[in-house]
Amino acid sequence: MKPLGNQIARWTRMASWLALTPLLHGAPAVQDASARWALQPVVRPALPLVQAPPGWTGNPVDAFVSARLHEAGLSPSPTADRGTLVRRVTFDLTGLPPSPEETDAFERDRRPDAYERLVDRLLASPRHGERWARHWLDVVRFTESQGFEYDRLRDNAWPYRDYVVRSFNADKPYDLFMREQIAGDVLEPVTADGIIATSLLVCGAWDQAGNSQANTTQRAITREEEMEDLVSVVGQTFLGLTINCARCHDHKFDPVPSTDYYRVKAVFDGVRHGERPVEGAEEAKVREAARSQARADLAEAQAAIARIEAEGAVAAAAKLPAGTRPPGPAALARWTFGADTTQVSDGKLEGGAVVAGGRLLLPAAGAFLRSSPLDRDLREKTLEAWVALADLDQRGGAAISVETADGSMFDAIVFGERRPRRWMAGSEGHVRTQDLDVPDEQAGPAAMVHLAAVYSADDRIALYRDGVPYGAPYKPSGGLRTFKAGDARVALGRRHQGGGSPWLTGAIGRAALYDRALSADEVAASFRAEGASITQDMILAGLDPARRRAREDAMSRAKTARAAIASSAKPVMTAYAGKREQPAPTKALKRGDVKSPGEIVAPSALSAVAALPADLGLAPDAPEAGRRIGFAAWLADPRNPLPARVMVNRVWQAHLGQGLVTTPSDLGASGARPSHPELLDRLASDFVAGGWSLKALHRIIVTSAAYRQSSASRPEAAAKDADDTLLWRFPPRRLEAEAVRDSMLAVSGDLNLQLGGPSFRPFTTSEYGAMFYHLFDKGDAENNRRTVYRMNIHSGKEPLLDAFDCPDPSVKTPRRGITTTPLQALGLMNSSFVQRQAGGLAERSRRLARGDLSRAVGVAYRLALGRAATPAEQALAVAAAQERGLANVCWVLLNSTEFVYVR
Amino acid sequence: MSAERLHRPPDLGAMSPLLSRRHFLSAGANGIGSVALAWLLSREQARAGIPAPAPASSRPPRFAPKAKRVVQIFCCGGVSHIETFDHKPELVRMDGRSLEGKGENLGFFGQPGKLMKSVYEFRQHGRSGSWVSSLLPNLARCADDLCFIHSMTAKSNNHTPATFQMNSGFTLNGFPCMGAWLSYGLGTENENLPAFVVLPDPRGLPAGGSINWTSGFLPANHQGVPFRTRSGDPIADLRTPASVTAEARAADLGMLAAMDRGFAEANAGDAGFAARLRSYELAARMQSSIPEATGLDGETETTKRLYGIDDPATKGFGRNCLMARRLLERGVRFVQVINGGAFGSPRINWDGHENLKENHDTQAATMDRPVAALIQDLKQRGLLEDTLFVWSTEFGRSPATQGIGSPGRDHHPSAFTCFLAGAGVKPGHHHGSSDEIGYFAAEDKVTVPDFHATILHLLGIDHEKLTFYHNGINRRLTDVHGEVVRGILS
């Protein structure tokens with residue numbers, strides 16, 4: 001850190017300079033200058049000179065809070081009793097209740113710094129990161145399913161959740177935490193954590209159907225919506241600014257011109273949804289080297305096999321009657337057809353397909369041949385077919401297709417789908433498809449056309465017609481996909497299941513599938529061979545023993561190489577951290593309309609923050625990575641006044657129920673004004689100066705006398721400040737959904753404290769076009785983990801958590817609602833989960849009391865409420881337990897207001 | 001309590017009474033044991049089949065409303081306007097010709113074929129002479145009660161965004177649905193039932209499931225409550241577990257109420273604690289009011305027949321329509337009845353890509369009779385006078401086929417038909433029109449925000465004033481758009 005005094009002096013100068021600067025270009029006039037308070041530099045305020053109440057000295061929080069109370073003629077409340085305090089701060093910092101032993105220990109600890117020691121212990125607990133991660137995940141709209149129509153699971157979104165937990169537990173400096181989430185995948189040195197961190201950009205809902213539809217305008221709109229989600233999560237989370245409001249027009253209240261929206265959008269325009277491998281640069285190098293070696297080995301082995309088999313084929317051909325054409329390359333699977341339906345090499349005829357005269361006849365829609373499942377994984381490959389088209393105007397059928405069992409992925413040689421009379425390499429959502437510059441198909445129904453689609457290991461796709469290239473080869477942006485052994489099948493005559501009009505009508509003469517990319521020469525040879533009937537057996541018979549051994553050696557080398565390729569295909573971990581591409585220069589859209597592109601804009605930061613240059617020195621076509629690196633540096637620059645103010649306020653809110661600013665993701669003009677502006681700036685300034693330590697910030701807040709006040713209401717104070725804005729007491733509040741569930745598990749003794757890893761899934765799934773989730777309630781260890789580890793899916797929300805205001809995962813939620821509803825009560829009354837925890841608590845209490853019912857009642861009170869039962873309660877509860885059972889008493893405790901509230 | 005303060009926008013509370021509205025539950029705490037008493041009473045009522053009392057805690061709307069409640073039939077998948085209510089003689093003439101002069105193709109699959117005339121015959125019905133196709137003979141008989149809008153347009157050609165728009169005004173996840181807005185804006189007429197109930201098609205949930213009835217950023221108590229319509233209890237955790245006897249539960253609830261009351265008294269001044277007591281009382285009442293409202297035992301055979309419960313084709317959806325009437329009678333503010341489910345195979349919704357006739361024949365067979373019955377039944381009971389009936393779908397279908405030679409139609413957002421009926425709308429009326437082939441909305445175009453603004457208007461709400469502050473914006477159901485469609489108001 002630079003010496004603080006100098007910085008302050010500089011900021012102060014800047015502030016006075018700012019006041020003279022005319023309003024920013026294009027920004028709407030803001031009537032009220034105080035509306036722009038958050039954009040002013042943070043100047044560390046001096047402590048107010050007020051006679052502080054006893055015990056309210058030494059902590060800057062108390063100085064500012066007591067000054068405001070004094071001004072309003074209010075007095076603070078006395079310190080809460082120790083039992084209340086330990087429960088309060090334990091919930092706040094860890095989301096769990098203290099154990100009776102922890103409560104006892106604190107109550108007995110008479111050292112002057114007993115409370116500070118308690119706070120330090122809680123901050124050091126791994127539970128702290130879990131608790132505070134959930135607050136953060138609300139803000140950044142973290143989800144583990146896609147939302148929208150399909151709502152498919154994101155199996156690999158959880159690494160981001162763990163990253164947040166880890167970061168909070170390690171007290172990662174907040175400036176680094178911010179930079180990693182913006183550009184961790186490109187900031188040197190690239191680390192696994194840095195890559196995972198950028199999941200923030202894409203961890204919201206994603207419209208998969210909208211991204212794959214045919215209409216380009218609608219696709220563009222879908223992308224714009226996606227980008228608004230991204231820009232708004234960055235703006236709201238870190239800056240407390242609703243930049244997204246400027247997508248269609250200049251911001252109505254804040255100095256954010258519409259151009260600025262598009263400049264920030266340009267920073268992130270290369271970010272796309274999806275999974276990516278997670279590994280540091282060094283690991284990646286080693287793995288890539290191993291992979292290319294294995295690929296070379298495989299190529300060598302395959303070439304050897306091909307050479308040997310070609311020799312065998314020549315030998316076999318020599319034995320054929322004179323005049324037979326030379327044979328083509330050997331295939332993984334080949335389909336030939338005999339005289340009638342009994343003569344099919346492999347597969348099942350469906351929907352009226354028949355075999356006659358050496359052909360597979362596909363007379364009408366619905367007819368096709370389905371193969372048995374593949375016996376090996378298939379990535380690079382060649383599809384081949386000899387086909388006669390019944391009608392050149394037919395659209396969308398395929399000669400040959402390889403497709404996963406659920407129809408979600410396929411590669412096919414498709415006729416006339418996107419353009420009439422043209423062949424193309426079809427694929428799901430056209431993700432590996434390109435229209436080719438080729439002449440229209442002319443072959444009449446009598447002619448057999450030979451087609452081949454070659455998918456190479458380097459992701460190149462090449463088509464051939466009658467042995468010569470058909471259009472230019474290309475590389476689809478997403479690369480090739482792997483079809484899994486045991487799952488994928490080949491279809492002849494159908495593009496893919498469930499498609500609009502997937503049927504080819506006509507006939508297939510022969511077809512073949514190769515598990516490698518044929519060379520152009522091999523395709524030509526195959527075309528010339530017309531699938532000459534040299535079988536694998538004939539080839540093998542043509543080999544002498546030495547060649548046979550050599551072939552077997554090569555096959556064994558190929559197998560090893562394939563395994564090495566597979567194992568080095570992906571890093572150990574994958575995360576839904578998004579993909580990157582170099583975007584085209586970004587155009588500002590007039591009124592946000594994709595059909596009204598305006599000027600090209602350069603990636604930049606926000607002009608509203610006058611203390612820093614918004615110009616990042618980037619051209620409109622600047623490389624993708626540099627854009628985010630530049631923005632991250634701007635964001636985390638200590639001169640940027642917003643991030644520290646925003647984060648201090650979020651932490652304050654989580655400790656005291658409401659922020660110093662009650663609209664934590666909007667510190668702009670339409671947000672609230674700070675209740676204690678100097679306190680906010682003092683904390684923000686110390687936060688930055690102290691190295692952005694969140695734990696230091698927690699410590700200063702929760703050790704303040706203001707935080708330690710009793711929560712009892714006082715009519716005379718409530719009359720003046722009903723909302724407790726000035727903090728004349730600690731505001732009591734209801735536990736969040738997660739804390740309710742976790743506490744029940746904690747007191748029943750069933751909580752599984754396993755830290756991190758893939759989420760637990762208390763549901764089964766079914767797919768009917770969309771993904772559906774069927775919840776179950778199970779009390780095994782896996783499902784008894786903390787709620788932050790529950791798979792956070794859109795359409796499978798848990799009724800009890802839902803009733804306790806768990807937010808919709810797609811909503812950026814800086815502050816949760818707190819409602820009290822009959823559905824909540826029904827859940828607590830009747831859900832099997834609560835019944836089980838009540839039973840567990842009873843069981844545990846009885847065990848701890850060694851079977852003595854009266855003592856067990858006492859234990860249950862201590863476990864559930866963190867206090868002893870009063871004599872009257874004890875008597876009533878013992879009678880109830882004798883009459884109806886201890887579990888019923890425990891049910892009452894878990895349903896009680898006292899259990900679900902923190903005072 | 002902080003609960004009371006939540007989400008109130010800074011400096012705006014005074015501008016809109018709706019924003020400073022009270023909590024769903026009023027703060028009044030009843031005496032000791034009231035929870036247990038309510039629960040015991042509700043059990044008695046459940047046995048006797050008496051509806052639970054309905055304390056009014058609804059908030060007055062901003063101006064005199066025509067409608068007090070809404071029932072919305074939502075048909076998933078995109079119902080073809082050309083095959084139902086939008087008669088296009090010109091399309092008959094142009095059958096088989098190429099689609100020309102309409103600009104960029106709007107379809108989802110982008111394979112326009114040739115123009116195709118309606119696969120059903122159209123005839124005029126009733127005194128209004130409304131054109132309705134032979135697909136919907138029962139609804140055709142209701143034509144004089146219906147108020148059609150033939151010039152609807154949607155923002156998206158993609159099911160889910162378009163469905164989200166029809167539900168929430170936005171094409172994205174996470175915006176509050178219309179029912180949630182009404183619960184927020186108008187409260188409830190019967191605290192013993194949820195204000196916003198969703199009745200999914202027994203054949204399956206729509207794509208996205210619960211995303212379709214989210215309260216978004218509104219407080220969770222405004223969320224739609226989906227009743228299970230296939231089997232089991234209408235909602236989760238409604239029933240006291242079998243292992244707990246009635247006597248024990250009553251005693252436990254008494255003990256809980258005493259404890260919570262003690263806590264509330266010891267912490268006087270915190271309304272939230274009293275609200276918890278009341279929530280248990282209401283929960284106990286719901287344990288009988290929900291089964292009572294959803295049970296059809298008290299309905300006559302004639303009524304059941306009217307809704308088609310005697311016919312396997314209409315049984316499931318017919319039950320839902322009848323249940324909707326019972327919920328409306330009991331003061332539920334917004335009932336959404338969904339016809340159709342997700343986009344799997346075989347199709348269980350109106351998404352007729354492959355073969356329009358085959359698809360619509362199947363879907364209409366489930367929908368036509370029960371929906372006509374609901375309209376007729378609401379009318380004969382006088383409920384239609386203060387109930388707004390809404391029939392909608394996410395978009396229409398293209399006048400051209402999807403691919404040459406195909407008998408199917410692709411999605412079509414630029415013109416489609418919805419209809420309203422009942423409180424405050426003109427009966428037997430036709431508003432707006434599509435062009436000669438049903439491609440673009442031609443006259444009096446109505447957007448989804450216009451549609452929503454009109455519904456809110458009929459309920460006495462100015463759509464520009466029903467707002468909720470969220471992350472920098474005072475959000476509305478109608479975003480920054482929406483004009484009340486005055487032409488349909490009676």
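Residues numbered from 1 in each chain as written. Chains lettered and ligands numbered in written order. Predicted model: local features only at pLDDT ≥ 70, side-chain atom pairs only at ≥ 80, totals over all residues.

A. Region of the structure containing the interface of chain B and chain A. In this complex, chain B contributes 80 residues to the contact, which on the side of chain A involves 84 residues. Only helix H1 (2-5), helix H5 (159-168), helix H7 (246-266) and helix H8 (271-294) of chain B provide two or more residues apiece to the side of chain B that touches chain A. Residue classes in the side of chain B that touches chain A are distributed as 37 nonpolar, 34 polar and nine charged. (Contact = placed C-beta atoms within 7 Å. Helix = DSSP H or I, 4+ residues; strand = E, 2+ residues; numbered from the N terminus. Nonpolar A, V, L, I, M, F, W, Y, C, P; charged D, E, K, R; others polar.)

B. How the structure looks around the domain arrangement of chain A. Entries for chain A in the domain assignment read domain 1 (1-76 + 643-734), domain 2 (82-277 + 584-642), domain 3 (284-327 + 545-570), domain 4 (329-531) and domain 5 (832-902). Of note, the centres of domain 2 of chain A and domain 4 of chain A, computed from C-alpha atoms alone, are 45 Å apart. (Domains from an automatic or database assignment.)

C. Quick peek at helix H19 (residues 677-689) of chain A. Residues and elements named next belong to chain A. Along its 13 residues, H19 runs 18 Å from first to last C-alpha, staying within 8% of the 18 Å computed at 1.5 Å per residue. All of the buried residues in H19 are Leu679, Leu680, Asp681, Arg682, Leu683, Ala684, Ser685, Phe687 and Val688. Looking one or two places after H19, you find Gly691, whose phi comes out positive at around 80 degrees. (Expected span 1.5 Å × (residues − 1). Buried ≥ 20, exposed ≤ 12 C-beta atoms within 10 Å, placed from the backbone.)

D. Broad picture of the sheet that holds strand S11 (residues 423-427) of chain A. Residues and elements named next belong to chain A. One open sheet holds the six strands; their spatial order is S4-S7-S15-S9-S10-S11, and the pairing between them is antiparallel. Strands with a single pairing partner mark the edges of an open sheet, and in this sheet they are strand S4 (348-350) and S11. Ignoring strand direction, the axes of neighbouring strands in this sheet form an average angle of 20 degrees. Where strand S7 (residues 368-370) meets strand S15 (residues 489-492), two bridges bridge the pair, whose relative direction is antiparallel. Its bridge partner lying in S15, Arg370 is registered against Ala491. (Pairing = 2+ DSSP bridges. Axes fitted to C-alpha atoms, helices over the stretch in contact; angles between N-to-C directions.)

E. Fine view of the pairing of strand S3 (residues 122-125) of chain B. Residues and elements named next belong to chain B. Pairing analysis gives four bridges linking S3 to strand S4 (residues 130-133), with the strands arranged antiparallel. The partner of His125 across the bridge, within S4, is Ser130. Linkage of S3 to S4, two consecutive antiparallel strands, is achieved through a turn of four residues, within which Gly126 is found at a positive phi near 70 degrees.

F. Structural view of the environment of A:Asn244. Residue and element names in this part refer to chain A. Along the chain, Asn244 falls in the loop between helix H11 (216-239) and helix H12 (258-268). The class of Asn244 is buried, set by 26 C-beta atoms lying within 10 Å. For the pair formed by Asn244 and Val231, sequence separation is 13 residues and the distance between their alpha carbons is 6.4 Å. With residues near it in sequence (within four places) discarded, Asn244 still touches Glu228, Val231, Ser232 and Gly235.

G. Fine view of the confidence of the model for chain B. Residues and elements named next belong to chain B. The predicted model of chain B has a mean per-residue pLDDT of 87, with 87% of residues at 70 or higher. Long-range and interchain partners of residues 1-32, a stretch whose pLDDT sits below 50, account for 69 contacts in this model, where long-range means more than four residues apart. pLDDT under 50 marks residues 46-57. Its contacts with residues more than four places away, or in other chains, come to 25 contacts. (pLDDT = per-residue confidence, 0-100.)

H. Structural context of the packing of helix H18 (residues 641-656) of chain A against helix H20 (residues 694-702) of chain A. Residues and elements named next belong to chain A. Running from N to C, H18 and H20 point in directions that differ by 45 degrees, and their axes come no closer than 10 Å. The orientation of H18 with respect to H20, classified from their angle, is oblique. Crossing angle aside, the handedness with which H18 passes H20 is right-handed. Of H20, the residues touching H18 (which contributes Val648, Val651, Trp652 and His655) are Leu694, Leu697, His698, Ile701 and Val702. Taken together, the residues that form the contact of H18 with H20 break down as seven nonpolar, two polar and no charged. (Parallel < 35°, antiparallel > 145°, perpendicular 65-115°, else oblique. Left-handed = near helix turned anticlockwise from the far one by under 90°.)

I. Local environment of helix H7 (residues 158-169) of chain A. Residue and element names in this part refer to chain A. Taking 1.5 Å per residue as the helical rise, H7 with its 12 residues ought to reach 16 Å, and the 17 Å between its terminal C-alpha atoms agrees with that figure. Of all the positions in H7, only Trp158, Pro159, Tyr160, Arg161, Asp162, Tyr163, Val164, Val165, Ser167, Phe168 and Asn169 are classed as buried. Of the surrounding elements, those touching the buried residues of H7 are helix H6 (126-139), helix H8 (174-183), helix H9 (192-197), strand S2 (276-278), strand S17 (573-575) and H20. Taken from the residues just after H7, Asp171 is the one with a positive phi, measuring 50 degrees.

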